[in-house]
Amino acid sequence: MHKITLINGDGIGPEISNAVVDIIKASGLDIDWDIQTAGADVIETEGTPLPQRVLDSIKRNKVALKAPVTTPIGKGFRSVNVQLRKDLDLYANLRPCKNLPNVKTRFDNVDIIVVRENTEDLYAGVERQVDADKAESIKIITRKASNRICRFAFDYAVKNGRKEVCCVTKANIMKLSDGLFLDTYRNVAKDYPQIKQREILVDNLCMQLVQNPSQFDVLVLPNLYGDIVSDLCAGLIGGLGVAQGANIGLDYAVFEPVHGSAPDIKGQNKANPTALLLSAIEMLKYIGEDFYAEKIEKALYKTLESGICTPDLGGNATTTEFSKSIINIL
Ligand code: ATP
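Residues numbered from 1 in each chain as written. Predicted model: local features only at pLDDT ≥ 70, side-chain atom pairs only at ≥ 80, totals over all residues. Heavy atoms only, no water.

Participant: How should I be thinking about the overall build of the chain in this particular structure?
Facilitator: A tally of helices and strands in the chain yields eleven helices and twelve strands. The C-alpha atoms of the chain give 20 Å as radius of gyration, which agrees with the globular expectation for 330 residues (20 Å, within 12%). With the C-alpha coordinates of the chain rotated into their principal frame, the extents come out at 55 × 45 × 40 Å. In the chain, which comprises 330 residues, the share counted as buried stands at 53%. Across the chain, contacts joining residues at least 24 apart in sequence account for 73% of those joining residues at least 6 apart. Accessible surface computed for the chain: about 15,000 Å², of which carbon and sulfur atoms make up 50%. (Helix = DSSP H or I, 4+ residues; strand = E, 2+ residues; numbered from the N terminus. Rg over C-alpha atoms; globule rule 2.2 N^0.38 Å. Buried < 20%, exposed > 50% of the residue type's maximum accessible area, 1.4 Å probe, protein only. Contact = heavy atoms within 4.5 Å. Areas by Shrake-Rupley, 256 points an atom, 1.4 Å probe, with all protein chains shown as cover.)

This is the structure in structure tokens:
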């Protein structure tokens, strides 16, 4: 039996976690969940939103499913998400963006995998205030980090039957930093002759994405462009309620929805569990449970096809009604 860490989060986290745990159980797959609380709710008792026991649990189990966790602003705590990425060296941010049945969007046939480098670039936090009127941020790109993210993208493409990996940079302007990322991509690509290569500048990519997104397959990007483009792609498929994600490293992987803890709808039984469920489906594929991943995905699609959805997608089903429908199909 798989033992997996479950961070059930705060805000709408517990509601959508319960829904997803019930759905996975109904699929027939037995998972031994190692439930770990984190976020705003544990600060009072444990003094931090991310207690060491949570990290220890992920290190033991290697894989975690994580609902949204709030880091209180202005109280001196590091973001739980950033800390997890750093402490577990989760260097790849994976954001599959695929149209869902009955979710109204501008385009059909969007099926894009965004692979974002998670550890460097302008996010390295190397900044200085030169004087009162001038600040500088340093963009750091290394061959080591570029190499592992490009390899991750190509390996993902091979494993998941994708055809192309497109490298996104602004290497015509940032010739050294983005140039290094692009050069590394070209070298890695040589090891994957079965996958098509493509290179595009990030500004052109953005225009193409909002005009004809179905031309893209797997995108690999440095951190900052990856951040922006992955949200753009989430918008193409229906926004926060359906946007899944994962942060993956060599040793550990944390699967989580893109959205936050949505305190405005907490406890009202109207949160959409789809983004967390899609993250869980990707997690099942990652641990080799493709059969159950596909089974659950089919049941989710059937539910959406039948017009059952939560208010964020224009429906009137509660979280419970929506997940019950998936469970009934399973
Ligand atoms: P954070 O800073 O934690 O990301 P935020 O308030 O910026 O928080 P979210 O918590 O993601 O962002 O919420 C943004 C909006 O989207 C809110 O109105 C929220 O109700 C809605 N929302 C987010 N996730 C869901 C969901 N799963 N189902 C329904 N609505 C959602």
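Participant: Looking at this structure, how should I read the packing of helix α5 (residues 143–159) against helix α6 (residues 177–189)?
Facilitator: When two helices pack together, their arrangement is given by the angle between the helix axes and by the axis-to-axis distance. The N-to-C vectors of α5 and α6 enclose an angle of 45°; their axes lie 9 Å apart at closest approach. Our classification of the angle between α5 and α6 gives oblique. Crossing angle aside, the handedness with which α5 passes α6 is right-handed. For the pair formed by α5 and α6, the contact residues are R143, S146, N147, I149, C150, R151 and F154 on the first element and L180, F181, D183, T184, Y185, N187, V188 and A189 on the second. Tallied by class, residues from the contact of α5 with α6 come to eight nonpolar, four polar and three charged. (Axes fitted to C-alpha atoms, helices over the stretch in contact; angles between N-to-C directions. Parallel < 35°, antiparallel > 145°, perpendicular 65-115°, else oblique. Left-handed = near helix turned anticlockwise from the far one by under 90°. Nonpolar A, V, L, I, M, F, W, Y, C, P; charged D, E, K, R; others polar.)

Participant: Just checking my understanding: could you explain the sheet that holds strand β12 (residues 253–257) for this structure?
Facilitator: Sheets are built from strands paired through backbone hydrogen bonds, the pairs being either parallel or antiparallel. Sheet architecture is open: ten strands sit in the order β2-β1-β3-β12-β11-β4-β5-β10-β8-β9, paired in mixed fashion. With partners counted over all chains shown, the strands left at the sheet margins are β2 (31–36) and β9 (196–201), one partner each. For this sheet, the mean angle separating the axes of adjacent strands, direction not counted, is 25°. With three bridges joining them, strand β1 (residues 2–7) and strand β3 (residues 63–66) adopt parallel strand pairing. Bridge assignment links L6 to a residue of β3, and that residue is L65. (Pairing = 2+ DSSP bridges.)

Participant: Is there a simple way to think about the state of the cysteines in this case?
Facilitator: Formally, a disulfide is one covalent bond, and it connects the sulfur atom of one cysteine to the sulfur atom of another. Taken as a whole and judged by the stated rule, the model has zero disulfides. Summary of cysteine pairing: C97 is not part of a disulfide, and the nearest cysteine sulfur, belonging to C233, is at 5.0 Å. We classify C97 as buried; its relative accessible area is 3%. (Disulfide = S-S within 2.5 Å.)

Participant: I keep staring at the domain arrangement of the chain and nothing clicks. Help me out?
Facilitator: Frequently, the measure chosen for interface size is the accessible area that the parts lose on association. Taken as a whole, the chain is organised into domain 1 (1–94 + 243–330) and domain 2 (106–236). Summarising the inter-unit geometry, the C-alpha centres of domain 1 and domain 2 are found 25 Å apart. In total, domain 1 and domain 2 occlude about 1,200 Å² of area from one another, counting both sides; carbon and sulfur atoms represent 52% of this. Ranking the residues of domain 1 by area buried against domain 2 places Y91, N93 and L94 at the top, with a combined share of 53%. Taken together, domain 1 and domain 2 are joined by one salt bridge. Per-element tally for the side of domain 1 that touches domain 2: the top contributor is strand β4 (residues 92–98), with three residues. Among the residues forming the side of domain 1 that touches domain 2, the class breakdown is seven nonpolar, two polar and four charged. (Domains from an automatic or database assignment. Buried area = accessible area lost by both parts, 1.4 Å probe. Salt bridge = Lys/Arg side-chain N within 4 Å of Asp/Glu carboxyl O.)

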